[in-house]
Amino acid sequence: MMLTILSFILLFSLHIYSSHAQSCATHNFTGNRIFSHCSDLPNLNSFLHWNYDDSAKTVQIGYRHTGVAATRWVAWAINPTGRGMVGAQALVAFRKSDGTMRAYTSPVSSYQTQLAEGDLSFPVSDLSATYAGNEYTIFATLKLDNLTSTVNQVWQEGPLSGDSPARHPTTGANVQSTGNLNLLSGQTGGTTTGSVDSRTKKKNIHGVLNSVSWGILLPIGAITARYLKVFPAADPAWFYLHALFQSSAYITGVAGWATGLQLGSQSAGITYTAHRIIGIVIFCLATLQVSALFLRPKKEHKWRLYWNIYHHFSGYSVIVLSIVNIFKGFDILHPDQKWRRSYVGVLIGLAALAAILEVYTWYVVLKRKKSSHPDKISNGNNGYNGYGAGDQDRV
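Cut-offs used in this document
- Residues numbered from 1 in each chain as written.
- Predicted model: local features only at pLDDT ≥ 70, side-chain atom pairs only at ≥ 80, totals over all residues.
- Heavy atoms only, no water.
- Helix = DSSP H or I, 4+ residues; strand = E, 2+ residues; numbered from the N terminus.
- Buried < 20%, exposed > 50% of the residue type's maximum accessible area, 1.4 Å probe, protein only.
- Contact = heavy atoms within 4.5 Å.
- Areas by Shrake-Rupley, 256 points an atom, 1.4 Å probe, with all protein chains shown as cover.
- Patch = residues over 30% accessible without salt bridge, like charges linked within 9 Å, V, L, I, M, F, W, Y side chains within 5 Å.
- Salt bridge = Lys/Arg side-chain N within 4 Å of Asp/Glu carboxyl O.
- Pairing = 2+ DSSP bridges.
- Axes fitted to C-alpha atoms, helices over the stretch in contact; angles between N-to-C directions.
- Core = buried A, V, L, I, M, F, W, Y, C linked by side-chain atoms within 4.5 Å.
- Phe/Tyr/Trp six-rings, centres within 6.5 Å; stacked < 30°, edge-to-face > 60°.
- pLDDT = per-residue confidence, 0-100.

Draft legend 1. Looking closely at the overall build of the protein. Counting secondary structure elements, the protein contains 6 helices and 11 strands. For the protein, buried positions account for 42% of its 395 residues. Summarising the internal contacts of the protein: among those between residues at least 6 apart in sequence, 63% fall at separations of at least 24. Accessible surface computed for the protein: about 21300 Å², of which carbon and sulfur atoms make up 60%.

Draft legend 2. Examining a nonpolar patch on the surface more closely. Nonpolar side chains collect at one region of the surface, where Trp 303, Leu 305, Tyr 306 and Ile 309 lie side by side and expose about 490 Å² of accessible area between them. You can see Trp 303 is positioned in the loop between helix H4 (273–291) and helix H5 (304–333).

Draft legend 3. Representation of the environment of Val 212 in the model. Checked against the element boundaries, Val 212 lands in helix H2 (residues 195–227). Val 212 gets classed as partly exposed once you look at its relative accessible area, which sits at 34%. Through-space distance from the C-alpha of Val 212 to that of Ile 326 is 9.9 Å; in sequence the pair is 114 residues apart.

Draft legend 4. Broad picture of the environment of Ile 220. For Ile 220, the location among the structural elements is in helix H2. Remark: the alpha-carbon pair of Ile 220 and Phe 245, spanning 25 residues in sequence, is separated by 7.0 Å.

Draft legend 5. Layout of the pattern of salt bridges. This model, assessed by the stated rule, comprises 5 salt bridges. Where Lys 57 meets Asp 54, a salt bridge forms, and the shortest distance between an N and an O atom there is 3.2 Å. For Asp 145, the salt bridge identified is with Lys 143, shortest N-O distance 3.6 Å. Since its relative accessible area comes to 45%, Asp 145 is described here as partly exposed. The exposure class of Lys 143 is partly exposed, given its relative accessible area of 28%.

Draft legend 6. Geometry of unusual backbone geometry. The phi angle at Asp 126 is positive, at roughly 55 degrees, despite the residue not being glycine. As for its position among the elements, Asp 126 is in strand E7 (residues 124–132). You will see that Asn 134, though not glycine, has its phi angle at about 55 degrees, which is positive. Mapping Asn 134 onto the fold places it in the loop between E7 and strand E8 (135–143).

Draft legend 7. Examining the sheet that holds strand E3 (residues 58–66) more closely. In spatial order, the strands read E1-E2-E3-E8-E7; together these 5 strands make up an open sheet with antiparallel pairing. The sheet is open, and its two borders are formed by strand E1 (37–40) and E7, each paired with just one other strand. When the angles between neighbouring strand axes are averaged without regard to direction, this sheet yields 15 degrees.

Draft legend 8. Structural view of the nonpolar core. Ile 61, Tyr 63, Trp 76 and Leu 142 are the most contacted members of the largest nonpolar core, which totals 42 residues. Within the residue set of this core, elements represented by two or more residues are strand E2 (46–53), E3, strand E4 (72–79), strand E5 (89–95), E7, E8 and strand E9 (150–161). It is E4 that provides the largest number of residues to this core, a total of 6 residues. What Trp 76 contacts, discounting residues up to four positions off in sequence, is Leu 48, Ile 61, Tyr 63, Gln 89, Ala 90, Leu 91, Leu 142, Gln 153, Val 154 and Trp 155.

Draft legend 9. Fine view of the environment of Thr 66. The topology assignment puts Thr 66 in strand E3. Spatially, the C-alpha atoms of Thr 66 and Ser 46 are 6.3 Å apart, while their sequence positions differ by 20 residues.

Draft legend 10. Main features of the packing of aromatic side chains. In total, this model carries 8 aromatic pairs according to the counting rule given. A ring pair is formed by Phe 29 and Phe 139, whose centres lie 5.7 Å apart and whose planes are at 65 degrees; its orientation type is edge-to-face. Of the two residues, Phe 29 sits in the loop between helix H1 (2–20) and E1 while Phe 139 sits in strand E8, which places them 110 residues apart along the sequence. Since its relative accessible area comes to 7%, Phe 139 is described here as buried. Relative to Tyr 104, the ring of Phe 94 lies with its centre 6.4 Å away and its plane at 85 degrees, an arrangement referred to as edge-to-face.

Draft legend 11. Spotlight on the confidence of the model for the protein. Taken residue by residue, the protein gives an average pLDDT of 76. The fraction at 70 or more is 76%. Contacts from residues 1–21, a stretch scored under 50 in pLDDT, to residues over four places away or in other chains number 25 contacts. pLDDT under 50 marks residues 377–394. Its contacts with residues more than four places away, or in other chains, come to 21 contacts.

The structure is reproduced here in structure tokens:
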């Protein structure tokens, strides 16, 4: 049964991922626009399409940014002087409050830029932008006389303040959206390396470990304890499976928590108070839950009932707080939307599985009680044995 559960979750997650994953090669533009090259950019749900004329040193581009709200701006740029934001020659687009589109050029001279309109270091023509189906598209023709066929590109998105671009996030995918592009071959290079990249890797590790531990393994452990113990054939295997999932979640979560502490020490002045407090509470409650695997009163003990109430309350509290904190982590890291959607898909799968098992469990329990009722009446016990309802009939 556990193999079936895990297989179901895996297949469901892959389905969610594949349903949202896109490729530039399968996209068709309206208006008979055809591009000979395209690239799936590695961050921010972005894609670049282009035609390059090496003899004329011109490139026609179609930059697409999917899964973005109309209340945000998007930009794509070439940086002739280096990698990254400063020096980038940007094409900016957003939808104004009156519903009309605005597309313009903006040279970036500092990190404090507000993307003011201005001329670029190379000519730009046929600049336009569209927004439909949560997707921005920027079209333009660039004249790159003084540049080689390999260029440094930057792409970005951020919120709007009225009808003006506001500062974009400075964490997660927003600081990784840069690389090089060979306009002739279509080959792309990675993001910049160094201390920022190292910190980003730790953020990703922190997010993955916590999502898998508190967000997936822990709910699976709760499902195991809740439903498998109803079946006599699963006794006592359900307890060991429950202990395995809970212990694995705790160990993996501690590793993620330790990575978070390292990030905190490397990010002086940057704090996420709510995320940190919830994480500490989760860690404390999870420690108590794991210790309960070894320190718990026997079934016959008079305090067992109260211990069960405390254990269940703590366990469900950890699950709820963990899910809340994982979504807070998504808001902090700003990963691609496919990861948030995949995790939502996992939660939906677990909830559906729990609902199915809940119905089936009640069916089994009621069927057992119905089949054993005549024998209990004949023994003069009014439907109960000497110890009350048996453990196997309890839900």
